[in-house]
Amino acid sequence: MAEGSGSRRRSLYKLVGSPPWKEAFRQGCLERMRTSRDRLLNKYRQAGGNMSGGPQNTFLVQEVMEEEWNALQSVESWPEALAQLEEPLDLAMLEEIQQELIDQEQSIISEYERSLQFDEECLSVMLAEWEANSLICPVCTKYNLRIASGVVMCQCGLYIPSHSPEMTEQKFRACLEDSVNEHGAHCPHTPAFSVTEGTGEKSSLLMSCLVSLPQDPAVKAGQ
């Protein structure tokens, strides 16, 4: 397997090198890496979010270079003279492009990690607010909730008639914390809350996430 990969790289080294084609190949590789962000992050997550081995242990660089090379070969105006270029110059050019792709790959991963850290901080703030004396509305995250006779209300318009006198602030808080913690065990992103009404059904507080698509009821009416 390693020998096959080395052979493909030698093929690239031998055939790419003319300055105009170098720039076309470089720009194509960089654009392909940008549009392969989701594929890169999927590989990164599958690896456990670990860049073990340092910068040379890349996730998508070699694939991107080979895909762009194959795409360029399919262009009808591909010059036959490219095959006659000298290998030392080709190698230096490709190594330069490869390093640019490595830097771009690491930049994408670093941006993703910063986003995860921000979401974790937001989640910590949300949980800290819920643990304070006042129960903040999970929908608007601005006003305090009021619970009277089992009915959950907020100035923002949230109104969940549970018809359950046993529903207290403590029970509602516990339901929210359990839902957020369960979501956090499978997804690092911050969930959002909304109120939904179904035909013939009572209002429910739904927790949703842009990454984890399924919506789960956090608190149903009648609980």
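Residues numbered from 1 in each chain as written. Predicted model: local features only at pLDDT ≥ 70, side-chain atom pairs only at ≥ 80, totals over all residues. Heavy atoms only, no water.

So, on to the nonpolar core. Counting 22 residues, the largest nonpolar core has Phe25, Cys29, Met33, Leu40, Met65 and Leu101 as its most contacted members. In terms of residues, this core owes the most to one element, helix α5 (residues 87-131), which gives 8 residues. Leu135, Leu158, Phe172 and Leu176 belong to the second largest nonpolar core, which has 17 residues in total. (Core = buried A, V, L, I, M, F, W, Y, C linked by side-chain atoms within 4.5 Å. Buried < 20%, exposed > 50% of the residue type's maximum accessible area, 1.4 Å probe, protein only. Helix = DSSP H or I, 4+ residues; strand = E, 2+ residues; numbered from the N terminus.)

Another aspect to go through is the sheet that holds strand β2 (residues 151-153). In space, the 3 strands of this open sheet follow the order β1-β2-β3, with antiparallel pairing throughout. Sheet topology places β1 (146-148) and β3 (159-161) at the edges, where each strand pairs with a single neighbour. Within the sheet, the average angular offset between the axes of one strand and its neighbour, ignoring direction, is 10°. In this sheet, β3 lies alongside β2 in antiparallel orientation, the contact comprising 3 bridges. Bridge pairing in β3 places Val151 opposite Pro161. (Pairing = 2+ DSSP bridges. Axes fitted to C-alpha atoms, helices over the stretch in contact; angles between N-to-C directions.)

On to the packing of aromatic side chains, then. Summed over the entire model, instances satisfying the criterion amount to 2 aromatic pairs. Aromatic pair Tyr44 and Phe59: ring centres 5.8 Å apart, planes at 90°, arrangement edge-to-face. Of this pair, Tyr44 sits in helix α3 (residues 37-46) while Phe59 sits in the loop between α3 and α4 (61-73), and the two are 15 residues apart along the sequence. We classify Tyr44 as buried; its relative accessible area is 3%. Judged by centre distance (6.2 Å) and plane angle (90°), the rings of Tyr44 and Tyr112 are edge-to-face. (Phe/Tyr/Trp six-rings, centres within 6.5 Å; stacked < 30°, edge-to-face > 60°.)

When we look at burial in α3, the residues that qualify are Leu40, Leu41 and Tyr44. Down the axis of α3, the buried set is contained in an arc of 95°. They therefore lie on one face. Opposite the buried face of α3, by more than 90 degrees, sit the exposed residues Asp38 and Gln46. Of the residues trailing α3, Gly48 is marked for its positive phi of about 80°. (Arc of directions from axis to C-beta.)

Take the environment of Leu40 next. With respect to the helices and strands, Leu40 occurs in helix α3. Between the C-alpha atoms of Leu40 and Ile108, which are 68 residues apart in sequence, the distance is 8.5 Å. With residues near it in sequence (within four places) discarded, Leu40 still touches Met33, Phe59, Leu60, Glu105, Ile108 and Ile109. (Contact = heavy atoms within 4.5 Å.)

This paragraph deals with the pattern of salt bridges. Oppositely charged side chains can form a pair if their charged atoms are brought close together. One pass over the full model with this rule turns up 8 salt bridges. When the shortest N-O distance is used, the salt bridge between Arg26 and Glu100 registers 2.8 Å. Here Glu100 lies in helix α5 and Arg26 lies in helix α2 (residues 19-35), a separation of 74 residues in the sequence. Taking the relative accessible area as the measure of exposure, Glu100 reaches 25% and is therefore partly exposed. In this structure, a network of salt bridges that share partners links the residues Arg32, Arg39, Lys43, Glu63, Glu67 and Glu68. (Salt bridge = Lys/Arg side-chain N within 4 Å of Asp/Glu carboxyl O.)

For Glu105, the location among the structural elements is in helix α5. Here Glu105 sits buried without a salt bridge, and the closest side chain of opposite charge, Lys43, lies 8.8 Å off (N-O distance). There is a polar contact of 2.7 Å between the side chain of Glu105 and the backbone nitrogen of Leu60. Leave out the neighbours within four places in its chain, and Glu105 touches Met33, Leu40, Thr58, Phe59, Leu60 and Val61. (Lys, Arg positive; Asp, Glu negative; His and termini not counted. Polar contact = N/O pair within 3.5 Å; in protein donor to acceptor, adjacent residues only side chain to side chain.)

Here we take up the pairing of strand β5 (residues 204-208). The element β5 is largely enclosed, with a buried count of 5 among its 5 residues. Judged by which residues are buried, β5 turns out to be covered on both faces: Ser204, Leu206 and Ser208 on one side and Leu205 and Met207 on the other are all buried.

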